[in-house]
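Residue-level structure breakdown
If you want the building blocks of each chain, they are given just below.
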Amino acid sequence: MIVAEKRSFLTGVKRGAAMRCPNCGKGALYRKYLKVQACPECGNDNAVYPADDLPPYATILLVGHLVVAPLLFFPWIWQGNTTVVLATTLPALLILTLVFLPHVKGAAIGLLWALQPRHQVERP
């Protein structure tokens, strides 16, 4: 019988969202803006967790629901000059998306870390 080590889902997601290694919580998750690296503290290879399309999708979903949807309740969005509305909202949306993206990608890597067992132990 093969028994896998249990990993905490919440711990992995919290550490990843903080842009820290999901394994130890101490080392940096990224070498650059979104370039995942092996943990300098514990040596866990965080690059093996393929986050792929989840982080951009979840970031757009998050920004859309937290920012765009409430904006639709303000009359100046509907009644204002289109150029002024786009000139004020698009840069804000771009900045928020770029700020949230590393945190969401870290959370996705933490989720993948929690779902994959580190090693399997053979039990008699």
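Residues numbered from 1 in each chain as written. Predicted model: local features only at pLDDT ≥ 70, side-chain atom pairs only at ≥ 80, totals over all residues. Heavy atoms only, no water.

1. Examining the side chain of R7
- Looking at where R7 falls in the secondary structure, it is placed in the loop between strand 1 (2–4) and helix 1 (9–17).
- Here W113 takes part through its backbone oxygen, which lies 2.7 Å from a polar atom of the side chain of R7. (Helix = DSSP H or I, 4+ residues; strand = E, 2+ residues; numbered from the N terminus. Polar contact = N/O pair within 3.5 Å; in protein donor to acceptor, adjacent residues only side chain to side chain.)

2. Considering the nonpolar core
- Within the largest apolar cluster, nine residues are counted, these being L29, Y30, V36, Y49, A51, A108, I109, W113 and A114.
- In contact with A108, other than residues within four places in its own chain, are A51, L54 and P55. (Core = buried A, V, L, I, M, F, W, Y, C linked by side-chain atoms within 4.5 Å. Buried < 20%, exposed > 50% of the residue type's maximum accessible area, 1.4 Å probe, protein only. Contact = heavy atoms within 4.5 Å.)

3. Considerations on helix 2 (residues 54–71)
- In this model, helix 2 (18 residues) spans 25 Å end to end at C-alpha, consistent with the 26 Å of a helix rising 1.5 Å per residue.
- G64 marks the point of greatest bend in helix 2, at about 40°.
- Buried residues of helix 2: P55, T59, V63 and L71, and no others. (Expected span 1.5 Å × (residues − 1). Bend = angle between axes of the 7 residues up to and from the residue.)

4. Thoughts on helix 4 (residues 82–115)
- In this model, helix 4 (34 residues) spans 46 Å end to end at C-alpha, consistent with the 50 Å of a helix rising 1.5 Å per residue.
- Along helix 4, the helix axis deviates most sharply at L101, where the bend reaches about 30°; the proline P102 sits within four residues downstream.

5. Re the environment of R15
- One can find R15 in helix 1.
- Along the primary structure R15 and L111 are separated by 96 residues, whereas in three dimensions their C-alpha atoms are 9.8 Å apart.
- Look past the residues within four positions of R15 in its chain and what remains in contact with it is R20, C21, P22, N23, C24 and G25.

6. Observations concerning the packing of helix 1 against helix 4
- Packing of helix 1 against helix 4 brings their axes to within 6 Å, and their N-to-C directions diverge by 150°. Looking at the two axes, helix 1 sits roughly antiparallel to helix 4. Considering how the two elements wind past one another, helix 1 and helix 4 form a crossing that is right-handed. On the side of helix 1, the interface is formed by F9, G12, V13, G16 and A17, while helix 4 contributes H103, G106, A107, G110, L111, W113 and A114.
- Broken down by class, the residue content of the contact of helix 1 with helix 4 amounts to seven nonpolar, five polar and no charged. (Axes fitted to C-alpha atoms, helices over the stretch in contact; angles between N-to-C directions. Parallel < 35°, antiparallel > 145°, perpendicular 65-115°, else oblique. Left-handed = near helix turned anticlockwise from the far one by under 90°. Nonpolar A, V, L, I, M, F, W, Y, C, P; charged D, E, K, R; others polar.)

None of the figures reported here should be taken as evidence of function without further support.
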